[in-house]
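Chain by chain, the residues run as shown.
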Amino acid sequence: MTEAPQKENGEARRVVLRVQDLAKHFPVRDGLFGRVSGHVYAVDGVSFSIHEGETLGVVGESGCGKSTLGKTVLRLLEPTAGQIVLRGEDITRTPERHLRAQRREMQMIFQDPYASLNPRMRCGDIVGEPLAIHGLASGQEKDDQVTSLFERVGLRVDQKKRYPHQLSGGQRQRLGIARALALKPSLIIADEPVSALDVSVQAQVINLLKDLQRDYNLAYLFVSHNLAVVEHISHRIAVMYLGKVVELADKRALFASPLHPYTEALLSAVPVADPRVKKERIILRGDVPSPMNPPSGCAFHTRCPHVKDICRVETPPLREVTAGHFAACHLREPAASN
Ligand code: SF4
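For clarity, every value in this text was computed on a predicted model and none was experimentally measured. (Residues numbered from 1 in each chain as written. Predicted model: local features only at pLDDT ≥ 70, side-chain atom pairs only at ≥ 80, totals over all residues. Heavy atoms only, no water.)

Caption draft 1: Structural view of the site of the ligand. Neighbouring the ligand are His260, Pro261, Cys298, Phe300, His301, Cys304, His306, Cys311, Pro316, Cys329, His330 and Leu331. Here the shell around the ligand is composed, by residue class, of eight nonpolar, four polar and no charged. (Near = heavy atom within 4 Å. Nonpolar A, V, L, I, M, F, W, Y, C, P; charged D, E, K, R; others polar.)

Dropping the structure here:
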């Protein structure tokens, strides 16, 4: 799959991350000797790229592999196959001990910041820790950088002396963002970063992420089950189903004319603020099949309202149907030039 270069003011934006045919399969073991009896195909042949200053949203139901995708890109999980290229450097097989420089470039924001923050450390020390570990600043210089990070994310400077449990949920997420920013990364992977927050606080954190992106030209891989949130922050959106991307497009194109029946069903469930707009909800049959034993052919065929015979036997590739709009469905013909 190839994607057109992104342009802003006529300038081509540089690719920060390129992922090609990435897979993460978890072996399932049973019996006394731990024999491998199968695999969970959590991520199965995913390709995309993200440019400077761009947000790629990744959506899908629980268990579709979107969080595993984020962790595999970060090399928190070892990829089973495929390629991860960060700023032109292939880091897929870089040994863990040599990943330090790349780890500065890629940071993560978690759904539950409390679980990822050391409860025994003061907030200022949590944000300053990566600066010390990477030898970037110490003493007064480190303290000054921590102060400016607190101010940048909307925390009060006196909160440096507090512990994470003394902050609200929204403030803790701001703390997690400050820590992620400390190393001046070019890519941030945000895994359900606002799902645990109240709706009013969600909007504040999303707006903060957008401001930071504008100021630092950050690239975001934004993982969420919430399409409304993803629509608000993303430039392009990838829809995942059972470990595969089934549709990838500019957000306006995706919302205006979805090409995959699964995306249509997801969009039909998004509430619309205008009461004059009537939407018919598409109810999908059955549950998401097990990623240990995905259906043959198109993995969505067991729930698809448009299923055909070919869908049960042949896996549709992700193809460009209109310019920049990709879909994996037998109903969609590829663009004539492809
Ligand atoms: Fe539905 Fe067939 Fe398209 Fe899969 S390939 S989404 S089953 S129509």
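Caption draft 2: Structural detail: the sheet that holds strand β6 (residues 81-86). In spatial order, the strands read β4-β3-β6-β7; together these four strands make up an open sheet with antiparallel pairing. Each of the sheet's edge strands pairs with one partner strand only, and the pair in question is β4 (35-51) and β7 (89-90). Along the sheet face, helix α1 (residues 66-73) touches β3 (15-30), β4 and β6 and points at about 115° away from the line of β3. (Pairing = 2+ DSSP bridges. Helix = DSSP H or I, 4+ residues; strand = E, 2+ residues; numbered from the N terminus. Contact = heavy atoms within 4.5 Å. Axes fitted to C-alpha atoms, helices over the stretch in contact; angles between N-to-C directions.)

Caption draft 3: Expanded view of the packing of aromatic side chains. Within the structure shown, the criterion is met by three aromatic pairs. Here Tyr262 and Phe300 contribute two aromatic rings whose centre-to-centre distance is 5.3 Å and whose plane-to-plane angle is 65°, an arrangement assigned as edge-to-face. One end of the pair, Tyr262, is in helix α10 (residues 261-268); the other, Phe300, is in the loop between α10 and α11 (309-313), with 38 residues separating them in the sequence. There is no split in this pair, since Tyr262 and Phe300 are both buried. Grouped by ring-pair contacts, the aromatic residues Tyr241, Tyr262 and Phe300 constitute a single cluster. (Phe/Tyr/Trp six-rings, centres within 6.5 Å; stacked < 30°, edge-to-face > 60°. Buried < 20%, exposed > 50% of the residue type's maximum accessible area, 1.4 Å probe, protein only.)

Caption draft 4: Layout of the packing of helix α4 (residues 123-133) against helix α6 (residues 169-181). Across the interface, α4 lies against α6 with an axial gap of 7 Å and an inter-helix angle of 25°. If you check the angle between α4 and α6, you find them roughly parallel. With respect to the hand of their crossing, α4 and α6 are arranged in right-handed fashion. Residues Cys123, Ile126, Val127 and Pro130 of α4 form the contact with α6, whose participating residues are Leu175, Ala178 and Arg179. Broken down by class, the residue content of the contact of α4 with α6 amounts to six nonpolar, no polar and one charged. (Parallel < 35°, antiparallel > 145°, perpendicular 65-115°, else oblique. Left-handed = near helix turned anticlockwise from the far one by under 90°.)

Caption draft 5: Local environment of the pairing of strand β10 (residues 219-224). With six of its six residues buried, β10 lies for the most part within the structure. Side chains Ala219, Leu221 and Val223 of β10 all project onto a buried face; the interleaved residues Tyr220, Phe222 and Ser224 project onto the opposite face, where all are buried too. Pairing of strand β5 (residues 55-59) with β10, which is carried by five bridges, proceeds in the parallel orientation. If you follow Val58 over to β10, its bridge partner there is Val223.

Caption draft 6: Quick look at α10. Taking burial as the measure, the eight residues of α10 include seven buried ones, the bulk of the element. As for α10, its buried residues are in contact with α8 (227-233), β11 (236-241), β12 (244-250) and α9 (251-256).

Caption draft 7: Inspection of the pattern of salt bridges at higher detail. Applying the stated criterion to the full structure yields 17 salt bridges. With a shortest N-O distance of 2.5 Å, Glu54 and Arg236 are connected by a salt bridge. In this pair, Glu54 is assigned in the loop between β4 and β5 and Arg236 in strand β11, connecting sequence segments 182 residues apart. Grouping residues by exposure puts Glu54 and Arg236 together as buried. Between Asp215 and Arg152 there is a salt bridge, with the nearest N and O atoms lying 2.3 Å from each other. Within this pair, whereas Asp215 is found in helix α7 (residues 199-216), its partner Arg152 is found in helix α5 (residues 139-152), the two being separated by 63 residues in sequence. For Asp215, a relative accessible area of 40% corresponds to the partly exposed category. (Salt bridge = Lys/Arg side-chain N within 4 Å of Asp/Glu carboxyl O.)

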